[in-house]
Amino acid sequence: MGGRSPITCHVLDSSCGKPGRNVPVKLEMLNPAANNSWASVAYGLTDSDGRVGGLLDSSHQLVAGIYRMTFQTAEYWAATGVTGYFYPYVQIIFEVAPGAEKQHYHIPLLLSPYSYTTYRGS
């Protein structure tokens, strides 16, 4: 893996063309054996470049399953002085398929006060 977390993310504020700094990020995994509840996996905070590169230790072995990444955007908007926004948080749910546990998963979030876009990055 080259020393990087198997799951990374990046927030870009498209309303001003800058990285989304200090956005709290939570990673969870769906636990079907526990009534489909979400189990916390990791927490992070985006850096000055809008990235969380060390969400998981590079030696962390992913397991197949459904994951949910939550970006606490209300905290970001409050810190930047934006009062009119529509999404207080953004949740991105994705799957690590059986046999794909050794792949790298990068979750970019392009954010503005009234919209967001995501895709599987590299």
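Basis of the calculations
The residue numbers shown here count from 1 along each chain, following its written sequence. At least 70 in pLDDT is required for a residue's local features to be given in this predicted model, at least 80 for side-chain atom pairs to be given and counted, and no such filter applies to totals for whole chains, interfaces and linings, which use all residues. Side-chain descriptors were evaluated using all non-hydrogen atoms of the structure, hydrogens and water having been removed beforehand. Working definition: helices are DSSP H or I runs of at least four residues, strands are E runs of at least two. Numbering for both runs from the N terminus. Contacts are assigned to residue pairs with any non-hydrogen atoms lying within 4.5 Å of each other. Any N or O atom pair separated by 3.5 Å or less is treated as a polar contact, with the protein-specific requirement of one donor-capable and one acceptor-capable atom, and with residues adjacent in sequence counted only for side-chain atom pairs. UniProt positions are given in the numbering used here, feature names are shortened, and annotations may be inferred rather than shown by experiment.

(A) Here's a closer look at the environment of S112. As for its placement among the helices and strands, S112 is situated in strand β8 (residues 105–112). Along the chain, S112 and W77 lie 35 residues apart, while their C-alpha atoms are 9.3 Å from each other. Contacts of S112, omitting those with residues within four sequence positions, involve S14, S15 and W77. A polar atom in the side chain of S112 sits 2.9 Å from the side chain of S115.

(B) Main features of the environment of E95. Relative to the helices and strands, E95 resides in strand β7 (residues 90–96). In the structure, E95 is positioned 57 residues away from W38 in sequence and 14 Å away in space, judged by C-alpha atoms. Once residues within four sequence positions are removed from consideration, E95 is found in contact with G65, I66 and Y105.

(C) Representation of the UniProt feature "binding site: substrate" (unreviewed entry) in the chain. Residues annotated by UniProt as "binding site: substrate" (unreviewed entry) correspond here to H10, R51 and Y119. By secondary structure assignment, the location of R51 is in strand β5 (residues 51–52). Residue contacts for R51: discarding those within four places in its chain leaves C9, H10, L45, T46 and H106. Examined against the element boundaries, Y119 turns out to sit in the segment after β9 (115–118). In contact with Y119, not counting residues within four places along its chain, are H106, I107, P108 and L110.

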